[in-house]
Every structure is written in C-alpha cells, then in structure tokens.
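# Observations on the three-dimensional arrangement
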Amino acid sequence: MAKVIEGLYYSESHEFVRVEGDFGYVGITDYAQHALGNVVYVDMPDVDDEVTAGEEFGAVESVKAASDLISPVSGTVVEVNEALEDEPELINQDAFENWIIKVELSDKAELENLMDAAAYEAICK
C-alpha cells in the first residue's frame, strides 16, 4: 500500500498540497510515483507563472509513461524544486518530501474541494 500522509490535501489526479500559511507545496503522491515507475524528467512551470486549480501545470515522465500534472490549487508559482531538474528520481525516493512547485495560494477555499488522507486512501484501493 502506498504511503498517505495525514494533514495534506489530495486530488483525484494524485497530486498533493502541503499548506504552510499562505503557501502550498504541490507534488505527486507516493501512489502516483509507484504507478509511474522510475521518473526520468519533470517538466515544471516558471517562477511567477499562474496555476489554476484543475488545469495542467507540467508533466512527469517515467521510463513507462508521461503524466500531466494537474494543479490542485490556484495561485502564483513562487518557487520550483530545482533539485528535480538534475535528479528527477528524487520523486521515487520520497514523493512527499520532493514537492514540485511552491504556490502562493490565491483562494484557500479551494482546499475544501480536495480530499483528506482517509478519502484519498479510499480511492487508491
């Protein structure tokens, strides 16, 4: 069973958000990295790009497949995880520690549309 962490928000497209103040760290879940296999490339937006909940913001490519990244929240990208440019496999080592983008949240109410750990675990079964 893939790891699911309490206190995070989850989307049906297998992204997570860890909220700290007005910021959200967005990445893919452990379930998603298991499904993809060995990650070889992460396509990320640029700092200052806007992301919109439910819309694509990049992609993760593995030896098996490529998967679009769908933003679970709306806001402005304030940081990208540059370590993933050289070591995309960090996502396989720990998907939750190796977030992809940090977003300044424009509407925290959107978090209510996402799942908690228990609900996400249920859809992964």
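Residues numbered from 1 in each chain as written. Predicted model: local features only at pLDDT ≥ 70, side-chain atom pairs only at ≥ 80, totals over all residues. Heavy atoms only, no water.

### Let's talk about the packing of aromatic side chains
Here a ring pair, both rings aromatic, is described through the centre-centre distance and the interplanar angle of the planes. Here the structure, examined in full by the defined rule, presents 4 aromatic pairs. Both rings, one in Tyr10 and one in Phe96, keep their centres 6.3 Å apart while their planes meet at 90 degrees; by these two values the pair is edge-to-face. On the criterion of sequence distance, the pair formed by Tyr10 in strand S1 (residues 9–10) and Phe96 in the loop between helix H3 (90–93) and strand S9 (101–105) is long-range, its members being 86 residues apart. Relative accessible area serves as the criterion here: at 0%, Tyr10 is assigned to the buried category. Put simply, the rings of Tyr10, Phe16, Phe96 and Tyr120 pair up and form one aromatic cluster. Lying over the aromatic face of Tyr25, Arg18 brings its terminal NZ or CZ to 4.5 Å of the ring centre. Over the face of the ring belonging to Phe23 we find Lys102, whose NZ or CZ atom lies 4.7 Å from the ring centre. (Phe/Tyr/Trp six-rings, centres within 6.5 Å; stacked < 30°, edge-to-face > 60°. Helix = DSSP H or I, 4+ residues; strand = E, 2+ residues; numbered from the N terminus. Buried < 20%, exposed > 50% of the residue type's maximum accessible area, 1.4 Å probe, protein only. Lys NZ or Arg CZ within 6 Å of the ring centre and 35° of its normal.)

### Observations concerning the environment of His34
Residue position: His34 is located in helix H1 (residues 30–36). Between the C-alpha atom of His34 and that of Asn92, which follows or precedes it by 58 residues, the distance is 7.4 Å. Excluding its chain neighbours within four sequence positions, the residues that come into contact with His34 are Ala2 and Lys64. (Contact = heavy atoms within 4.5 Å.)

### Details of the nonpolar core
One finds Ile28, Val42, Val60, Val73, Ile91, Ile100 and Ile101 to be the most contacted residues of the largest nonpolar core, which totals 25 residues. Of all the secondary-structure elements, those providing two or more residues to this core are strand S3 (23–28), H1, strand S4 (39–43), strand S6 (56–62), strand S8 (75–80), H3 and S9. At 3 residues, the largest contribution of residues to this core is made by S9. Sequence-distant contacts of Val73, that is, excluding residues within four places in its chain, are made with Val17, Val26, Val51, Thr52, Ala53, Val103, Leu105, Glu110, Leu111 and Leu114. Core analysis: the next-biggest nonpolar cluster, separate from the first, contains 11 residues, Tyr25, Trp99, Tyr120 and Cys124 among them. (Core = buried A, V, L, I, M, F, W, Y, C linked by side-chain atoms within 4.5 Å.)

### Thoughts on the sheet that holds strand S2 (residues 15–20)
Strand order across the open sheet formed by 6 strands is S1-S2-S3-S9-S8-S5, with antiparallel pairing between neighbours. With one partner strand each, in any of the chains shown, S1 and strand S5 (50–51) form the two edges of the open sheet. (Pairing = 2+ DSSP bridges.)

### Some details on the environment of Arg18
Residue position: Arg18 is located in strand S2. Owing to a relative accessible area of 24%, Arg18 belongs among the partly exposed residues under this scheme. Taking the C-alpha atoms as reference points, Arg18 and Trp99, 81 residues apart in sequence, are found 8.9 Å from one another. Leave out the neighbours within four places in its chain, and Arg18 touches Leu8, Phe23, Gly24, Tyr25, Phe96 and Trp99. A polar contact of 3.1 Å, which involves the side chain of Arg18, links it to the side chain of Glu20. (Polar contact = N/O pair within 3.5 Å; in protein donor to acceptor, adjacent residues only side chain to side chain.)

### Digging into the sheet that holds S4
In space, the 3 strands of this open sheet follow the order S4-S6-S7, with antiparallel pairing throughout. Two strands lie at the open edges of the sheet, namely S4 and strand S7 (66–70), each paired on one side alone. If you compare each strand with its neighbour and ignore which way they point, the axes differ by 20 degrees on average. As paired strands, S4 and S6 are joined by 4 bridges and run antiparallel to one another. Counterpart to Tyr41 in the pairing with S6 is Glu61. (Axes fitted to C-alpha atoms, helices over the stretch in contact; angles between N-to-C directions.)

No statement about biological role is implied by the geometric values presented.
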